[in-house]
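Observations on chain architecture
In case you want the letters, here they are:
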Amino acid sequence: METLNFLMQGFDVATRPTNLLMALFGAFVGTVVGMLPGLGPINGVALLLPLAFALGLPPETALILLAAVYLGCEYGGRISAILLNVPGCAASVMTSLDGNPLARQGKAGIALSLSAMSSFVGSTIATCGVILFAPLLAKWAVAFGPAEYFVMMIFAIACLGGMVGDKPVKTLMAALIGLGLATVGVDSTTGVYRFTFGSVSLSDGIQFIIVVIGFFSVSEVLLMLEKTHSGQKAVKTGGRLLFNFKEFCFSFATMVRSSLAGFVIGVLPGAGATIASAMTYMSEKRLAGASGKFGEGDLRGLAAPEAANNASACGSLIPMLTLGVPGSGTTAVMIGALTLYNITPGPLLFEQQPDVVWGLIASLLIGNVILLAMNIPLVGVFSKMLSVPNWVLVPAITAISMVGVYAVHSTTFDLVLMVGLGVFGYILRKLDFPLSAIILGFVLGELMEDNLRRALSISAGELGILWSSPISLTLWVLTALMLGMPGLRWWRARRAARAVNA
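Residues numbered from 1 in each chain as written. Predicted model: local features only at pLDDT ≥ 70, side-chain atom pairs only at ≥ 80, totals over all residues. Heavy atoms only, no water.

Looking at an unreviewed UniProt entry, one finds the protein named Tripartite tricarboxylate transporter permease, with Ectopseudomonas oleovorans as its source organism.

This is the structure:
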């Protein structure tokens, strides 16, 4: 009952005209920023943070604005992933695996509307989880130390083979390429230059936006150029703009499972929407078994990552509000917003600033409704992008990609590196390597290294800390099972073939 009273207090804050207007503005800006390849929610929130402070907005209004941008970016990232096979952010990489094939089959409207509904379901379930379980889940998240996070990253990479079951070796090789790219730059601990080849431009490492745009955007442009002639279109157009009841029922169980899993993963500080979307996609693929057409346009392969990444975004607010620990890179920026207002996030925040906390939670529910109401009617507008001929689309994608990459450091070196990675990605795609595994390996690489260093520092260099806890041991066992799965499948297929021949 006390929680309900606080929630009502939160709705009183969130439904004030100024706060509703900020939620609407943030949702729109977030959707647009999410559509732009490589920007993502961190950049979206960071761009509006100075504006919110300069306008003198109250802390609850500023936080509502930033949260709306955060959710809007998670919604918007799917649009370019589905229509152009260019993920708006890392969390949208998995969405492109089945979203873009659906668009190429003339089902872009169905894919966009179903992904919007999946995002809505994921965010709503996670917000209810925030209301009910915030203190309990925050305590559970503390059980994950650096060693447990490191093993979880290894488990996530081992699971990558499950994304593309018929080519696990290529998938793992692609993940190792991503891990290798993540090691470029100055070692943060020793100050040693690694794989920079004497180039000052590589001393800060390779930026995520360069990797994403190079491997996805540039390689996609090169593939489009293979087929370009006057008037040819990138994908089929036409068809329904909205999913039907049968398609919703077919995907609903996937939405619920992925929302719950994404929420729990989001609670873990640092895990983030990228890991949530990857793990739920792989889980749903295994559950579907031989009946699934994952990678070819399966609706469940679209619903799972979209529900998971939005649920994870909401779940990441729990450690931020209750522990003062960022659950993701975006919530780290939001913590910075709170400090600008001399507010310290942590266990006492619920008692000292109930308007801020519960106003934010109530605004998440309102923001989800706003985003759904905004995205569904715009499906037809987004789908119009598919009717643009390649000879117009290719230079437009190239120009947007170059502007996005140049804005990082304002150097031509980044543009050259982007093209080089794009050509490399084009070759890998022709050789049937999954580029999504490279991106995930790149994202996980830095997290793995940081957590391994912390774990070894805590244990004075003893490797035993990596398997000393029940959580670590369980993850190691699951990793071994995942690595052994391809060999087991090969052995069973061979035995079945021998039985047939006999």
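On we go.
**Quick notes on the packing of helix α2 (residues 17-35) against helix α4 (residues 59-84)**
Note the cut-off: Every axis in this analysis is a line fitted to C-alpha atoms, fitted for helices over the stretch in contact. Angles between the N-to-C directions lie between 0 and 180 degrees. Under the DSSP-based scheme used, a helix requires at least four consecutive residues in state H or I and a strand at least two consecutive residues in state E, with every element numbered from the N terminus. Geometric relationships in this document are graded by angle, where less than 35 degrees denotes roughly parallel, more than 145 denotes roughly antiparallel, 65 to 115 denotes roughly perpendicular, and other angles denote oblique. Throughout, a crossing is termed right-handed when the near helix is turned clockwise from the far one, and left-handed when it is turned anticlockwise from it by less than a right angle. Residue contacts follow a heavy-atom distance rule, with two residues in contact if any of their heavy atoms lie within 4.5 Å. Throughout, the ten residues Ala, Val, Leu, Ile, Met, Phe, Trp, Tyr, Cys and Pro are labelled nonpolar, Asp, Glu, Lys and Arg are labelled charged, and all others, Gly among them, are labelled polar.
Where α2 meets α4, the axes come as close as 6 Å, and the angle between the chain directions of the two elements is 30 degrees. On the basis of the axis angle, α2 is roughly parallel to α4. The handedness of the crossing between α2 and α4 is right-handed. Across the interface between the two elements, T18, N19, M22, A23, F25, G26, A27, G30, T31, V33, G34 and M35 of α2 pack against T61, I64, L65, A68, V69, G72, C73, G76, G77, I79 and S80 of α4. Broken down by class, the residue content of the contact of α2 with α4 amounts to twelve nonpolar, eleven polar and no charged.

**A word on the nonpolar core**
Here is the rule: Put simply, buried Ala, Val, Leu, Ile, Met, Phe, Trp, Tyr and Cys residues joined by side-chain atoms within 4.5 Å make one nonpolar core. Three labels apply to residues, based on accessible area from a 1.4 Å probe with only protein chains included: buried if under 20% of the type maximum, exposed if over 50%, partly exposed otherwise in between.
Grouped together as the largest cluster of nonpolar side chains are 61 residues, with contacts concentrated most on I206, I210 and F215. Counting only elements with at least two residues in this core, the list comes to α5 (93-104), α7 (146-159), α8 (168-182), α9 (208-227), α11 (272-288), α19 (412-430), α20 (435-458) and α21 (470-501). The dominant element in this core, judged by the number of residues it contributes, is α7, at eleven residues. Not counting chain neighbours up to four residues away, the residues in contact with F215 comprise L181, L421, F424, G425, L428, R429, L435, I438 and I439. Counting 54 residues, the second largest nonpolar core, distinct from the first, contains L49, L65, A313 and M334.

**Topic: helix α10 (residues 245-267)**
We apply this condition: To estimate how far a helix should extend, the number of its residues minus one is multiplied by 1.5 Å. To get the bend at a residue, fit one axis to the 7 residues ending there and another to the 7 starting there, then take the angle between the axes. Residues adjacent in sequence count toward polar contacts only when both atoms are side-chain atoms; beyond that, a polar contact is any pair of N or O atoms within 3.5 Å, and within protein one must be able to donate a hydrogen and the other to accept it.
Compared with the 33 Å implied by 1.5 Å per residue over 23 residues, the 32 Å span of α10 between its first and last C-alpha is a close match. Along α10, the helix axis deviates most sharply at S251, where the bend reaches about 40 degrees. The set of residues buried in α10 consists of E247, F248, S251, T254, M255, S258, S259, G262, F263, I265, G266 and V267. Its side-chain oxygen at 3.3 Å from the backbone nitrogen of K246, N244 defines the N-terminal cap of α10.

**What to know about the packing of aromatic side chains**
As a reminder, the rule being used: Pairs were defined over the aromatic rings of Phe, Tyr and Trp, the Trp ring being its six-membered one, requiring ring centres within 6.5 Å. Orientation was assigned from the angle between planes: stacked under 30 degrees, edge-to-face over 60, tilted for the rest.
Under the counting rule described, the total for this entry stands at four aromatic pairs. Geometrically, the ring pair formed by F243 and F248 is stacked, given 6.0 Å between the ring centres and 25 degrees between the ring planes. Side by side, F243 and F248 carry an identical accessibility label, which is buried. With 5.4 Å between their ring centres and 75 degrees between their planes, Y281 and F294 make a pair best called edge-to-face. Residue Y281 is found in helix α11, and its partner F294 is found in the loop between α11 and α12 (299-315); the two are separated by 13 residues along the sequence. For the residue pair Y281 and F294, the accessibility class agrees, reading buried in each case. One aromatic cluster in this structure is built from F243, F248 and F252.

**A look at unusual backbone geometry**
Phi angles above zero are rare outside glycine, and F195 is one such case at about 55 degrees. Within the fold, F195 resides in the loop between β2 (193-194) and α9. Of the residues examined, F195 reaches a relative accessible area of 52% and is grouped as exposed. Phi at D432 takes a positive value of approximately 70 degrees, unusual for a residue other than glycine. On the secondary structure map, D432 appears in the loop between α19 and α20. Here D432 falls in the partly exposed class, since its relative accessible area comes to 41%.

**Section: the pattern of salt bridges**
Basically, it comes down to this: For this document, the term salt bridge refers to a Lys or Arg side-chain nitrogen within 4 Å of an Asp or Glu carboxyl oxygen.
This model, assessed by the stated rule, comprises six salt bridges. Between R16 and D12 there is a salt bridge, and its shortest N-O distance comes to 3.9 Å. For D12, a relative accessible area of 48% gives the class partly exposed. Via salt bridges that share partners, D12, R16 and E60 belong to a single interconnected network.

**A word on the state of the cysteines**
Our working rule: Cysteine sulfurs are considered disulfide-paired once they come within 2.5 Å of each other.
For the coordinates displayed, the defined rule picks out zero disulfides. C314 provides the cysteine sulfur closest to C128, a residue in no disulfide bond, and the two sulfurs are 9.8 Å apart. By relative accessible area, which is 35% here, C128 ends up partly exposed.

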